[in-house]
Amino acid sequence: MNTAPPQEAPPEGYVLTVLAELADRTERYATKLQDRLDAAAGVRQSITETMDRLVAARTRLKQTRADVSQQLLIRDNAHGRASEANAIIDRATRRIAELNAMMEYGIEDEQVFAELGRAGKAKEEKTAERDKWRLKADEAQKKADQGEDLMKEIAVEVESRAIEIKALQKDLPDPHLFSWLALAHFGRANANYLLSPDPNKFARMVRSGVASIRTMHQELREGRYRLDRYGDLLAGRHEATVQAIFGAVAIGDMKLAQEVFSLAADPGMFFHQIFNVFRVWSLGAFLLGDTPVIQRLIRDHRFEKKLWGGYVRCFRAIAMTGNEREFNVGLQQILKFETRPDDLDRIPGVSLIHLPAVALCRLAQRRRIAIHLKDRRLPPALIKW
């Protein structure tokens, strides 16, 4: 097959400059983040405790709402049973009146006396039954009213806890610091590898970046940040999350990639029309063996062009067909059309090695798919390591 000519390696001086800048940035981001975390240690604990109380209050609210519904059901059932008893009482009362009228006209025999006795007994029994059901209905209504009052109290507590958490969250560090620190680690890993191709050192630096993203998603999932303010970090939308998950695969740690995916991905936010979400879910579903999801993603995006089409071809090859030509064509599209998002532009070195492409190549090798493409962003030693 035809392949694009390999790109020339960046000059050593450029890589050294990038590495020096990233060393400074990494230390600056790490120091700033740690200082903010240390300063907010008490706040983080307070948020955790308040969040626990909020969750408990919401659980009580849900349970109380269920209890109220149950009491209203009991009340309605009791009213129904009381109504049935009352209907029988009315019929018995009318029949007693008829029998008494007959006796006033001089109709007195054993049959009338017997029926009068039965009607009187039925009225007496059903009156007691009706009163019992009415009492039960009143008790259920009382409990329901108490539950409604409790729900109002709990709702006030829930709102109060939510306001308290929002106030505390202002003292936490910007969660984007985690992503910037991660990208700086990835850039350093790439630049270091180009200067001194040591896969083990490269893997250690990538793990540092992945750890930062893992912590970020753990913090988000534990409710320490307002999700409405940091939506760009959720569900795999951010470039740093993409680099982290693919980076874990690039160094051969599939378990770590699965852990980060499980923290980052949210089935309730399966917005795969967003490119980064599509990439994250495609890789995560493949690693977890979730065949229906990976098949759906490939089917829904099978007509995509350029960069999207490149990922579709690569994942279809490694997940379904095992087609060597299809994978290499897709890989070529990825390397040709990949652009650098803003975060990567602000942090140099991240694109010196193409972590997603390296990850896809490692997965392809598991399917015994040969890699024909030569590109300086795809170090062969890393792919085979």
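The structure displayed is predicted, hence computed values, not measured ones.

(A) Geometry of the overall build of the chain. If you tally the helices and strands in the chain, you get 14 helices and zero strands. Listing each helix as α and each strand as β along the chain from the N terminus yields α-α-α-α-α-α-α-α-α-α-α-α-α-α. In terms of overall size, the chain is more extended than a compact globule, its C-alpha atoms giving a radius of gyration of 35 Å where 385 residues would be expected to give roughly 21 Å. Here the chain holds 385 residues, and 46% of them are scored as buried. Looking at the chain alone, contacts between residues at least 24 apart form 78% of all its contacts between residues at least 6 apart. Entry remark: accessible area of the chain is about 20,000 Å², with carbon and sulfur atoms responsible for 50%. Distance between charge centres in the chain, computed from 60 positive and 53 negative side chains, equals 8 Å.

(B) Structural context of the packing of helix α4 (residues 176–195) against helix α6 (residues 239–250). Contact geometry for α4 and α6: axes closest at 9 Å, N-to-C directions at 45°. Taken together, the axes of α4 and α6 lie oblique to each other. Here α4 runs over α6; the crossing is left-handed. Only Ala 240, Gln 243 and Ala 244 of α6 make contact with α4, whose side of the interface consists of Ser 179, Leu 183 and Phe 186. Partitioned by chemical class, the residues of the contact of α4 with α6 number four nonpolar, two polar and no charged.

(C) Here's a closer look at the nonpolar core. Core analysis: the largest hydrophobic core is formed by 102 residues, its most contacted members being Phe 202, Tyr 311, Phe 315, Phe 327, Leu 331 and Leu 360. Examining the composition of this core, we find that ten residues originate from one element, α4, more than from any other. Discounting chain neighbours no more than four positions away, the residues touching Leu 331 are Cys 314, Ala 357, Cys 361, Ile 371, Leu 373 and Leu 378.

Cut-offs and rules
- Each chain carries its own residue numbering, running from 1 in the written order of its sequence.
- Side-chain atom pairs in this predicted model are given and counted only at pLDDT of 80 or more, local residue features only at pLDDT of at least 70, and totals for whole chains, interfaces and linings cover all residues.
- Note that water and hydrogens are dropped before the side-chain values are worked out from all heavy atoms of the structure.
- By the criteria applied, helices consist of DSSP H or I runs no shorter than four residues and strands consist of E runs no shorter than two, each listed in order from the N terminus.
- We take the radius of gyration over the C-alpha atoms and set the globule estimate at 2.2 Å times the residue count to the 0.38 power.
- Each residue is placed in one exposure class: buried if its accessible area under a 1.4 Å probe, protein chains only, is under 20% of its type's maximum, exposed if it is over 50%, and partly exposed if it falls in between.
- Residues count as neighbours in contact if any of their non-hydrogen atoms are within 4.5 Å of one another.
- Note on areas: these come from Shrake-Rupley sampling with a 1.4 Å probe, and a residue is covered only by the protein chains present in the view.
- Charged-residue counts in this description rest on Lys and Arg as positive and Asp and Glu as negative, His and the chain ends being excluded.
- Taken as the charge centre is NZ of Lys, CZ of Arg, CG of Asp or CD of Glu, depending on the residue.
- Lines fitted to C-alpha atoms define the axes, with helix axes restricted to the stretch in contact, and inter-axis angles between N-to-C directions lie between 0 and 180 degrees.
- Oblique is the label for any angle not under 35 degrees, not over 145, and not in the 65 to 115 range, which are roughly parallel, roughly antiparallel and roughly perpendicular in turn.
- Whether a crossing is left-handed or right-handed is set by the direction in which the near helix is turned from the far one by less than a right angle, anticlockwise for left-handed and clockwise for right-handed.
- Gly counts as polar in this scheme, as do all residues outside two lists: the nonpolar Ala, Val, Leu, Ile, Met, Phe, Trp, Tyr, Cys and Pro, and the charged Asp, Glu, Lys and Arg.
- As used in this record, nonpolar core signifies buried Ala, Val, Leu, Ile, Met, Phe, Trp, Tyr and Cys residues forming a set joined through side-chain atoms within 4.5 Å.

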